[in-house]
Amino acid sequence: MENVGVFIPIIALMIPIVAIWTKHQQKLAEMNIQSTAQATAEQAAQYASKVQQLEDRVKVLERIVTDKGYDVATQIEALRDQRRVDETGSGVPLDMTKRENV
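For clarity, every value in this text was computed on a predicted model and none was experimentally measured. (Residues numbered from 1 in each chain as written. Predicted model: local features only at pLDDT ≥ 70, side-chain atom pairs only at ≥ 80, totals over all residues. Heavy atoms only, no water.)

J.: Summarise the overall build of the chain; cite the residues concerned and give the values.
T.: Scanning the chain from N- to C-terminus turns up two helices and zero strands. Surface summary for the chain: the accessible area is close to 10,100 Å², and the carbon and sulfur share equals 63%. (Helix = DSSP H or I, 4+ residues; strand = E, 2+ residues; numbered from the N terminus. Areas by Shrake-Rupley, 256 points an atom, 1.4 Å probe, with all protein chains shown as cover.)

J.: Go over a nonpolar patch on the surface with me, naming the residues and quoting the values.
T.: On the surface, a cluster of nonpolar side chains totalling about 770 Å² of accessible area is made up of V6, F7, I10, I11, M14, I15, I17 and V18. Inspection of the secondary structure puts I15 in helix 1 (residues 4-67). When its relative accessible area of 56% is taken as the criterion, I15 is described as exposed. (Patch = residues over 30% accessible without salt bridge, like charges linked within 9 Å, V, L, I, M, F, W, Y side chains within 5 Å. Salt bridge = Lys/Arg side-chain N within 4 Å of Asp/Glu carboxyl O. Buried < 20%, exposed > 50% of the residue type's maximum accessible area, 1.4 Å probe, protein only.)

In structure tokens:
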């Protein structure tokens, strides 16, 4: 029973320390929530931007298909044929009848 008197001042000092520590932990939690909310808002803005870009691209593709009909496959094949002509026609032609003397 004599030791109970020692615990009273210790408890009296521990109460403010625990209160200060609790407030500090609460402020840390609030800052964490704010930073998470800000990061989430930034990601949402980036996703909205990407969605808008994709919607614009889909609109262009829809316009190509609906305005020009189903002639897109023919145009793609024509571009491929043009590329083959460009690839075969490039470079310097070699005259195989004349050979270099080594």
